[in-house]
Protein chains: 2
Amino acid sequence: MTKAHGFHQHDHAACISDALTKAEAYCAARKLQFTPVRRRTLEVLLAHHRSMGAYEVLSHLDASGFGAQPPVAYRALDFLVKHGFAHKVEAMNAYVACSHPGAQHVPAFLICRQCSTVQEAQIEPMQNGLGDAAQDAGFAIERAVVEAQGLCPLCQQSAPE
Amino acid sequence: MTKAHGFHQHDHAACISDALTKAEAYCAARKLQFTPVRRRTLEVLLAHHRSMGAYEVLSHLDASGFGAQPPVAYRALDFLVKHGFAHKVEAMNAYVACSHPGAQHVPAFLICRQCSTVQEAQIEPMQNGLGDAAQDAGFAIERAVVEAQGLCPLCQQSAPE
DNA sequence: ATTTATATGTAATGATATAACATATCAAGC
DNA sequence: GCTTGATATGTTATATCATTACATATAAAT
């Protein structure tokens, strides 16, 4: 079975189990607790393969027998983001599973304003002119995100304006 | 009188009146209505010279005799953002006056996680690797933001960790 | 086994943002 | 100037996103 990944198709089941296995290994290596809620949260993000609001994630967790209150989702999502398994799409107040787990990278998103699909793009860390600006200002960058909004290939056809 | 602009000092009064004059001229040229609320909203952002939440802006508008309900602030802010007089800092759900009004640019922000000061940096449009990624994906970028979080020069001293 | 740190569950609340609709003001054509 | 249509403002209500605080449970370290 294939499913849209960003604007492409791919083998969805393999992609999910692969990401879960990697997360498991990463956590084991660093003695991080990849607990049931955290695992389920990552599964939910991976299965949907699009950005999801915290409350949408929460409803799945609730349905899976975990707590039904917001902190349940926010804490799990924070964990995933902190360790690079997911990203927060700031422009949408939403979350996506990371498409390049393990890789040290500056996440960059292409966000379709029409269908809300988010594709994560790879960009070179610090090759974006921002590093220079930061250095000039004496600013120590800890984290950076790049977010582009526009129209995805599909929506360009249906909304050619 | 000088006041912090990003992490530097500058002539604050001149900077404000300059930005207002530019906005006025821009609107006049395009028959946009630079109404009292919109003007006051820009004044408020310029005067504070840091990112402000919509409700903080709203309280100033209220105090100035405008409406006290959220849409009053959100509409004025949307106008300013739409026409490039201000930017939304997505990672903070906050707004700042644009530091380079008139210039066609991709706004980039250096956001201090400790003191919340935001400095707008100049980066070259599309020289950030994102353009290539978008082209590959067939994605039409309409708007992009770059946001970096970290520690500003001052806070690096007080929080050397 | 005890202690300490970490994680989860839940209630309450805070912060951010929009929808919907009434009224007012502006801008253009007559 | 007056009418008309578009744009802007004011207000109520509500939707959406996120955190604080505290109790309980589980894991890890000695």
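Residues numbered from 1 in each chain as written. Chains lettered and ligands numbered in written order. Predicted model: local features only at pLDDT ≥ 70, side-chain atom pairs only at ≥ 80, totals over all residues. Heavy atoms only, no water.

K.L.:
I'd like a description of the pattern of salt bridges, backed by residues and values.
P.N.:
Residue and element names in this part refer to chain A. For the structure shown, the criterion picks out 14 salt bridges over all chains. For the salt bridge of Arg-50 with Glu-56, the shortest nitrogen-to-oxygen distance reads 2.7 Å. For Arg-50, a relative accessible area of 32% translates into the label partly exposed. When its relative accessible area of 30% is taken as the criterion, Glu-56 is described as partly exposed. Each of Glu-24, Arg-39, Arg-40 and Glu-43 takes part in salt bridges that share partners, so that together they form one network. (Salt bridge = Lys/Arg side-chain N within 4 Å of Asp/Glu carboxyl O. Buried < 20%, exposed > 50% of the residue type's maximum accessible area, 1.4 Å probe, protein only.)

K.L.:
Outline the environment of Val-72 of chain B, listing residues and values.
P.N.:
Inspection of the secondary structure puts Val-72 of chain B in helix 4 (residues 70-82). Excluding anything up to four places from it in sequence, Val-72 of chain B contacts Val-37, Leu-58, Leu-61 and Gly-67 of chain B. (Helix = DSSP H or I, 4+ residues; strand = E, 2+ residues; numbered from the N terminus. Contact = heavy atoms within 4.5 Å.)

K.L.:
If you had to explain the interface of chain B and chain A to someone new, which residues and values would you point to?
P.N.:
In this assembly, 36 residues from chain B lie in contact with 36 residues from chain A. Across the chain B to chain A interface the summed buried area is about 2,800 Å²; carbon plus sulfur atoms make up 59%. Here chain B is connected to chain A by 2 salt bridges. Seen at the junction of chain B and chain A, the total is 12 residue pairs in polar contact (both at pLDDT 80 or more). When the residues that make up the side of chain B that touches chain A are grouped by side-chain class, the tally is 22 nonpolar, 9 polar and 5 charged. (Buried area = accessible area lost by both parts, 1.4 Å probe. Polar contact = N/O pair within 3.5 Å; in protein donor to acceptor, adjacent residues only side chain to side chain. Nonpolar A, V, L, I, M, F, W, Y, C, P; charged D, E, K, R; others polar.)

K.L.:
Can you lay out the protein's contact with DNA strand C for me, pointing to particular residues and giving the numbers?
P.N.:
Around DNA strand C lies a shell of 16 residues, among which Thr-35 and Arg-75 of chain A together with Tyr-55, Tyr-74 and Lys-88 of chain B are the nearest. Per the 4 Å cut-off to the protein, sugar and phosphate atoms form 50% of the nearby atoms of DNA strand C. Here a phosphate oxygen of DNA strand C sits 3.1 Å away from a polar atom, N or O, in the side chain of Tyr-74 of chain B. Among the residues forming the surface near DNA strand C, the class breakdown is 7 nonpolar, 6 polar and 3 charged. (Near = heavy atom within 4 Å.)

K.L.:
So what about the relation of the copies chain B and chain A? Which residues, and what values?
P.N.:
The two copies are related by a screw operation: chain B maps onto chain A through 180 degrees of rotation and 0.0 Å of translation along the axis, at an RMSD of 0.0 Å. Expressed as an axis order, the relation between the two copies is that of a two-fold axis. (Least-squares fit on C-alpha atoms with pLDDT ≥ 70 in both.)

K.L.:
Just give me the short version of the pairing of strand 6 (residues 118-123) of chain A, but keep the residues and values in it.
P.N.:
Residue and element names in this part refer to chain A. Of all 6 residues in strand 6, 5 are buried, a share of seventy percent or more. The pairing of strand 5 (residues 106-112) with strand 6 spans 6 bridges and is classified as antiparallel. In the strand pairing of strand 6, Ala-108 is matched with Ala-121. Remark: 5 residues form the turn of the hairpin made by strand 5 and strand 6, two consecutive strands paired antiparallel; Ser-116 in that turn has positive phi of roughly 65 degrees. (Pairing = 2+ DSSP bridges.)

K.L.:
So, the sheet that holds strand 6 (residues 118-123) of chain B: which residues are in play, and what are the values?
P.N.:
As summarised here, the arrangement of the 6 strands in space is 6(A)-5(A)-7(A)-7(B)-5(B)-6(B), forming an open sheet in which the pairing is mixed. Edge strands, defined here as strands with exactly one partner in the open sheet, are strand 6 of chain A together with strand 6 of chain B. Adjacent strand axes in the sheet meet at a mean angle of 25 degrees when their direction is disregarded. Pairing geometry for strand 5 (residues 106-112) of chain B and strand 7 (residues 140-151) of chain B, over 5 bridges, is parallel. Bridge pairing links Cys-112 of chain B to Gly-150 of chain B in strand 7 of chain B. Of the strands in this sheet, strand 7 (140-151) of chain A together with strand 5, strand 6 and strand 7 of chain B touch helix 5 (residues 130-137) of chain A, which is tilted by about 45 degrees from strand 5 of chain B. Along the sheet face, helix 5 (residues 130-137) of chain B touches strand 5, strand 6 and strand 7 of chain A together with strand 7 of chain B and points at about 45 degrees away from the line of strand 5 of chain A. (Axes fitted to C-alpha atoms, helices over the stretch in contact; angles between N-to-C directions.)

K.L.:
Mind laying out the pairing of strand 5 of chain B, listing which residues take part and the relevant values?
P.N.:
The buried count for strand 5 of chain B comes to 7 of 7 residues, which makes it a mostly enclosed element. Of the two faces of strand 5 of chain B, the one carrying Val-106, Ala-108, Leu-110 and Cys-112 of chain B and the one carrying Pro-107, Phe-109 and Ile-111 of chain B are both buried.

K.L.:
Any details on unusual backbone geometry? Residues and values, ideally.
P.N.:
It is generally the case that most residues other than glycine have a negative phi and that most peptide bonds are trans. All names here are of chain A. With a phi angle near 55 degrees, Lys-31 is a residue other than glycine that sits in the positive phi range. Turning to its location among the elements, Lys-31 is positioned in the loop between helix 1 (12-30) and helix 2 (36-48). Judged by its relative accessible area of 77%, Lys-31 falls in the exposed class. Despite not being glycine, Ser-116 shows a phi value in the positive range, around 65 degrees. Tracing the sequence through the fold places Ser-116 in the loop between strand 5 and strand 6.

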